[in-house]
Amino acid sequence: MNSLIDKYNIPGPRYTSYPTVPYWDESTFSPEKWKESVVRSFKESNAAEGISIYIHLPFCEALCTFCACHKRITKQHSVETPYLESVLKEWKLYLELFNEKPKLKELHLGGGTPTFFSPKNLKTLLEGIFESVEIAEHPEFSFEGHPNNTTKDHLQTLYDLGFRRVSFGVQDYDPKVQKAINRIQPFENVKNVTEWAKEIGYRGISHDLVFGLPHQTWEAMEHTIRKTMELKPDRLAFYSYAHVPWVKGVGQRGFDENDLPSGEEKRRLYEDGKKLLEDLGYIEVGMDHFSLEHDDLYQSLIQKKLHRNFMGYTSSNTQLMVGLGMSSISDSWYAFAQNVKTVEEYQKTVEEGEIPVVKGHILNEEDLTVRRHILNLMCQLETTFDAQNSFPELENAFEMLTEMEKDELVEIHDNQIKITEKGRAFTRNVAMVFDLRMMRNKPETRIFSMTI
């Protein structure tokens, strides 16, 4: 396994979309084309599965120096109300495009730190959304909670509004690691919020763990996993730390490259961590996600309903996902669009009555075909190749997979590719074989994190 990781541990996308953001073709994109794609997707899908909404809440009181998300660091909570008013104004601009009431299937609050906002303000925001939609049967409402500032009032307020899933960012319990990434977070805080969530009735409690952080050792990682098991969350994300210091706003105040685990050390963190999670009853679902057998994420894998989008893995599959807030990304299936990346520009654009997209991509026929293959591989670990309805360069992908077949990472049967159990760790590498846009224009500088 070590030699395979040496061979395949290269920079590569996480494939929450295809094409990936660095390969969006902005020359064919315009706000008008984006609106047209939204209307088309809404007409095709609203009556059936409904739509998803992602709301980006960007404020944090302190900078976690491992984080590559778009955020605004402030302790001034006076920013809450103006920002949320802008989000509701943006939503009204989308409502003007629809010819009927949207059916809301999925809603996620991400950040930044959603629990930076007071329970009262979150309630005002959500009630403003809900008054304009029909709630679908069995909706999936979730949010990201910071264990240090998520209160029981936050949990109860959001539960009363229909939220049943919450994800707590744990990362690592080692004090030395926490200091390096500026995320001091005692186990007691995580224990409190997890137990409150269980007591209130949440059924999809998740903890996020990260391997490959500065000063991280296997002993510390094992301690973190075993402490996590004391709380037995329904699901876990076991992420590889994405070291992307070239991304604006990613600080490294507490560490530099010399403090990161070596390739061999990081490999052990991944391999031994995965084995320990499985020994403790967690089942691997998709890439870097684990869940207990009763959880919806595992059930959707078994039923072949697992989906992946900019929110990560989800058990709900909607064609249209509207992203609201600064830097949010929306997906109409036929196009992607990203909002402006500063709070001030976002609020100004919305105030002027414009949907605040700054860039995007219109998918062509080839993109749609490749996207389907990559989604199949990321969610179902297999895809079927239709030679009658394909592109010559995709046929070449099969030839490129022969090396992976020799390494027992994939099995190829006629027109079908299956990722093996051994190949799960290399799912991103298999997907990259189909990435025609990256193949034609390989980056001269590093723009993605390492795949392992």
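Residues numbered from 1 in each chain as written. Predicted model: local features only at pLDDT ≥ 70, side-chain atom pairs only at ≥ 80, totals over all residues. Heavy atoms only, no water.

Named according to an unreviewed UniProt entry, the protein chain is Coproporphyrinogen-III oxidase originating from Chryseobacterium limigenitum. Reading the Pathway (unreviewed entry) entry of the UniProt record for the protein chain gives the comment "Porphyrin-containing compound metabolism; protoporphyrin-IX biosynthesis; protoporphyrinogen-IX from coproporphyrinogen-III (AdoMet route): step 1/1." We quote the UniProt Subunit (unreviewed entry) comment for the protein chain here in full: "Monomer." (UniProt positions renumbered as here; feature names shortened; annotations may be inferred.)

Caption draft 1: Here's a closer look at the pattern of salt bridges. Counted according to the given criterion, the structure contains 24 salt bridges. Between Arg-235 and Asp-295 there is a salt bridge whose closest N-O contact spans 2.8 Å. Of this pair, Arg-235 sits in strand 8 (residues 235-240) while Asp-295 sits in the loop between strand 10 (289-291) and helix 10 (296-302), placing them 60 residues apart in sequence. Per residue, the accessibility class of Arg-235 equals that of Asp-295, and both read buried. A salt bridge links Glu-284 to Lys-274; the shortest N-O distance between them is 3.1 Å. Linking Glu-284 in strand 9 (residues 283-285) with Lys-274 in helix 9 (residues 263-279), this pair joins segments that are ten residues apart in sequence. By relative accessible area, Lys-274 is classed as buried at 13%. (Salt bridge = Lys/Arg side-chain N within 4 Å of Asp/Glu carboxyl O. Helix = DSSP H or I, 4+ residues; strand = E, 2+ residues; numbered from the N terminus. Buried < 20%, exposed > 50% of the residue type's maximum accessible area, 1.4 Å probe, protein only.)

Caption draft 2: A look at the side chain of Ser-45. Looking at the element boundaries, Ser-45 is found in helix 2 (residues 31-45). What makes Ser-45 buried here is its relative accessible area of 0%. In this structure the side chain of Ser-45 is engaged in a polar contact, spanning 2.7 Å, whose partner is the backbone oxygen of Ser-41. (Polar contact = N/O pair within 3.5 Å; in protein donor to acceptor, adjacent residues only side chain to side chain.)

Caption draft 3: Spatial organisation of the pairing of strand 7 (residues 204-211). Among the eight residues in strand 7, eight count as buried, and that is most of the element. Judged by which residues are buried, strand 7 turns out to be covered on both faces: Gly-204, Ser-206, Asp-208 and Val-210 on one side and Ile-205, His-207, Leu-209 and Phe-211 on the other are all buried. Where strand 6 (residues 165-171) lies against strand 7, six bridges are found, and the strand directions are parallel. Counted as the bridge partner of Ser-167 is Ser-206 from strand 7. A crossover links strand 7 with its parallel partner strand 8, the connecting element being helix 8 (residues 218-231), and its sense is right-handed. (Pairing = 2+ DSSP bridges. Right-handed = clockwise from strand over helix to strand, strands pointing away.)

Caption draft 4: Representation of the sheet that holds strand 17 (residues 382-384). Pairing is antiparallel across the open sheet formed by three strands, whose spatial order is 17-19-18. The sheet terminates laterally at strand 17 and strand 18 (410-413), the two strands that pair on one side only. For this sheet, the mean inter-axis angle between neighbouring strands, taken without regard to orientation, is 10°. The sheet contacts of helix 12 (residues 365-380) involve strand 17 and strand 19 (416-419), and relative to strand 17 the element is tilted by about 145°. (Axes fitted to C-alpha atoms, helices over the stretch in contact; angles between N-to-C directions. Contact = heavy atoms within 4.5 Å.)

Caption draft 5: Layout of the environment of Ser-206. Looking at where Ser-206 falls in the secondary structure, it is placed in strand 7. Taking the C-alpha atoms as reference points, Ser-206 and Leu-236, separated by 30 residues in sequence, lie 5.3 Å from one another. What Ser-206 contacts, discounting residues up to four positions off in sequence, is Val-166, Ser-167, Phe-168, Pro-233, Arg-235, Leu-236 and Ala-237.

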